[in-house]
Amino acid sequence: MASEDVKTTESAVTTIVNLAEEAKLAREGVKAPSHAILSICKSLVAGGVAGGVSRTAVAPLERLKILLQVQNPHNIKYSGTIQGLKYIWRTEGFRGLFKGNGTNCARIVPNSAVKFFSYEQASQGILYLYQQQTGNGDAQLTPLLRLGAGACAGIIAMSATYPMDMVRGRLTVQTEKSPYQYRGMFHALSTVLRQEGPRALYKGWLPSVIGVVPYVGLNFAVYESLKDWLVKSRPFGLVEDSELSVTTRLACGAVAGTIGQTVAYPLDVIRRRMQMVGWKDAASIVTGDGRSKAPLEYNGMVDAFRKTVRHEGVGALYKGLVPNSVKVVPSIAIAFVTYEMVKDILGVEIRISD
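Here goes a summary of the coordinates provided. (Residues numbered from 1 in each chain as written. Predicted model: local features only at pLDDT ≥ 70, side-chain atom pairs only at ≥ 80, totals over all residues. Heavy atoms only, no water.)

**A few points about the overall build of the protein chain**
Then, in step 1: Within the protein chain, the regular secondary structure consists of 15 helices and 2 strands.
Then, in step 2: Within the protein chain, the proportion of its 354 residues that are buried is 51%.
Then, in step 3: For the protein chain, long-range pairs separated by at least 24 residues make up 78% of all intrachain contacts whose partners lie at least 6 apart in sequence.
Then, in step 4: Counting every atom, the protein chain has about 16,600 Å² of accessible surface; 63% of that belongs to carbon and sulfur. (Helix = DSSP H or I, 4+ residues; strand = E, 2+ residues; numbered from the N terminus. Buried < 20%, exposed > 50% of the residue type's maximum accessible area, 1.4 Å probe, protein only. Contact = heavy atoms within 4.5 Å. Areas by Shrake-Rupley, 256 points an atom, 1.4 Å probe, with all protein chains shown as cover.)

Right, dumping it as structure tokens:
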């Protein structure tokens, strides 16, 4: 949940580490400091473009996922992936498939920038503490410590751009039948701020933060375990000379990402539902078209979990999981290909001194 962010492999930590490695190489061996900064900026641009293209490609599945997560259980309109996509097309047309995607894409560059610089600071602080603890001034970050730095950076970046994600959720579920229409991201932000106060922009923030731990941790553990197993067992001729191909690494990333998302998914559902609380003139998908049974109100994360399970069963915590899982592989593939193409166009490289 961390629910949220696409990079080279749709894993926030992977991209952070890649960018940080470039920065490290630049600091240690680049001939001109200006080149290091330029290279990092180009990588951020490449990541932003790749994220925008991949998110747009799977935007219909992303919107359907959120609609399934928050729709009023007493007035079901979306009952499955195929049916849901057909219903959106029939009632809202082609543009309806991409509602909220603009705000989703707008988050990429600021999120990536904050994440990168946060990772730099977190890794330096963690490395200093590690060197002090071990008494070894030459000690380097271990993979586990990098994971911790990546998780810290992910939480900071997510928090910095969370208001954009909050209004994105509302823009996504908004339909033509909604009593009041947000006209865009900035209008939604100002409206929420005026009507519900600044705290409303961070509704659902806590489950988002908590979700970072299982998502990032499982992503990392499953990916490394799969990679080690493939190198040792060499099934189906997938490994040559103890090296995994790009396609195989992407497949490992897709499996790891799917498992991580599945375990953390209930927190994503609760986050989205909490974002809808207090919405004056809410979208009809949330209110149930004026049915007698109004949508549930939640007093916090624990209350949201309790009421969701009590009124809808444990299965409600996994509403929208199918479209969310379906979009993982194409999203990763598109992001990776686009990232590499943009890097080639921009000429992203690190020149290491002899």
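That shown, we press on.
**Focus: the side chain of arginine 273**
Then, in step 1: In this fold, arginine 273 is placed in helix α11 (residues 246–276).
Then, in step 2: Judged by its relative accessible area of 5%, arginine 273 falls in the buried class.
Then, in step 3: The residues contacting arginine 273, other than those within four sequence positions of it, are Gln69, Val70, Tyr298, Thr308, Glu312, Ala316 and Lys319.

**Observations regarding empty space enclosed by the protein**
Then, in step 1: Enumeration over the complete set of coordinates arrives at 4 cavities of 30 Å³ or more.
Then, in step 2: Lining the second largest cavity, in full, are Ala59, Glu62, Arg63, Ile66, Lys99, Gly100, Asn101, Asn104, Arg168 and Thr172.
Then, in step 3: By residue number, the principal contributor to the lining of the second largest cavity is helix α3 (residues 59–70), which donates 4 residues.
Then, in step 4: Grouping the amino acids of the lining of the second largest cavity by side-chain chemistry returns 2 nonpolar, 4 polar and 4 charged. (1 Å grid on protein atoms, 1.4 Å probe; cavity = no way out; pocket = protein on both sides within 12 Å on 5 of 7 lines; lining within 4 Å. Points joined across faces, edges and corners; volume = space filled by probe spheres on them. Nonpolar A, V, L, I, M, F, W, Y, C, P; charged D, E, K, R; others polar.)

**Notes on the packing of α3 against α11**
Axis angle and axis distance: for two packed helices, these are the angle between their axes and the distance between the axes, and together they describe the pair.
Then, in step 1: It is the contact of α3 with α11, at a shortest axis distance of 9 Å, that shows an interaxial angle of 75°. Considered as vectors, α3 and α11 are oriented roughly perpendicular to each other. Contacts between α3 and α11 involve Lys65, Ile66, Gln69 and Val70 from the first element and Tyr265, Asp268, Val269, Arg272, Arg273 and Met276 from the second.
Then, in step 2: Residues of the contact of α3 with α11, tallied by class, amount to 5 nonpolar, 1 polar and 4 charged. (Axes fitted to C-alpha atoms, helices over the stretch in contact; angles between N-to-C directions. Parallel < 35°, antiparallel > 145°, perpendicular 65-115°, else oblique.)

**Remarks on a nonpolar patch on the surface**
Then, in step 1: Together, Val45, Val49, Val53, Ile345 and Leu346 give the surface a local cluster of nonpolar side chains, amounting to about 400 Å² of exposed area.
Then, in step 2: Those elements that provide at least two residues to the nonpolar patch are α2 (33–57) and α15 (328–346).
Then, in step 3: Residue contributions to the nonpolar patch peak at 3 residues, all from α2.
Then, in step 4: Structurally, the position occupied by leucine 346 is in helix α15.
Then, in step 5: Its relative accessible area of 31% is what places leucine 346 among the partly exposed residues. (Patch = residues over 30% accessible without salt bridge, like charges linked within 9 Å, V, L, I, M, F, W, Y side chains within 5 Å. Salt bridge = Lys/Arg side-chain N within 4 Å of Asp/Glu carboxyl O.)

**A few points about the pattern of salt bridges**
Then, in step 1: Counted under the stated rule, the structure contains 18 salt bridges.
Then, in step 2: In this structure, the salt-bridge partner of arginine 306 is aspartate 303, at a minimum N-O distance of 2.4 Å. Taken together, the positions of arginine 306 and aspartate 303, both in helix α13 (residues 301–312) and 3 residues apart, correspond to about one turn of that helix.
Then, in step 3: The class of aspartate 303 is buried, set by a relative accessible area of 9%.

**Some remarks on the packing of aromatic side chains**
Then, in step 1: Tallied over the entire structure, the rule returns 6 aromatic pairs.
Then, in step 2: Where tyrosine 162 meets tyrosine 202, the ring centres are 5.8 Å apart and the plane angle is 15°; that geometry is what we call stacked. Of this pair, tyrosine 162 sits in helix α8 (residues 162–173) while tyrosine 202 sits in the loop between α9 (185–196) and α10 (205–233), and the two are 40 residues apart along the sequence. (Phe/Tyr/Trp six-rings, centres within 6.5 Å; stacked < 30°, edge-to-face > 60°.)

**Overview of the environment of glycine 52**
Then, in step 1: When you line up the elements, glycine 52 lands in helix α2.
Then, in step 2: The buried category is assigned to glycine 52, whose relative accessible area is 14%.
Then, in step 3: On a C-alpha basis, the gap between glycine 52 and alanine 106 in space is 8.1 Å, while along the polypeptide they are 54 residues apart.
Then, in step 4: The contacts of glycine 52, once residues within four sequence positions are left out, are Cys105 and Ile108.

**A look at the nonpolar core**
Then, in step 1: If you look at the biggest cluster of nonpolar residues, it comprises 30 residues, and the most contacted ones within it are Tyr78, Val167, Val173, Val192, Trp279, Ile285 and Val286.
Then, in step 2: With 6 residues, the top contributor of residues to this core is α8.
Then, in step 3: Ignoring any residue separated from it by four or fewer positions in sequence, one finds valine 192 in contact with Met166, Val167, Arg170, Tyr182, Gly197, Ala200 and Leu201.
Then, in step 4: With 8 residues, the next largest nonpolar core counts Ile270, Met274, Tyr298 and Met301 among its residues. (Core = buried A, V, L, I, M, F, W, Y, C linked by side-chain atoms within 4.5 Å.)

**Examining the packing of α8 against α9**
Then, in step 1: Viewed as axis vectors pointing N to C, α8 and α9 meet at an angle of 100°, and their least axial separation amounts to 9 Å. Viewed along their axes, α8 and α9 adopt a mutual orientation that is roughly perpendicular. Between α8 and α9, the contacting residues are Pro163, Met164, Met166, Val167, Arg170 and Leu171 on the first element and Met185, Ala188, Leu189, Val192 and Glu196 on the second.
Then, in step 2: For the contact of α8 with α9, a count of residues per class yields 9 nonpolar, no polar and 2 charged.

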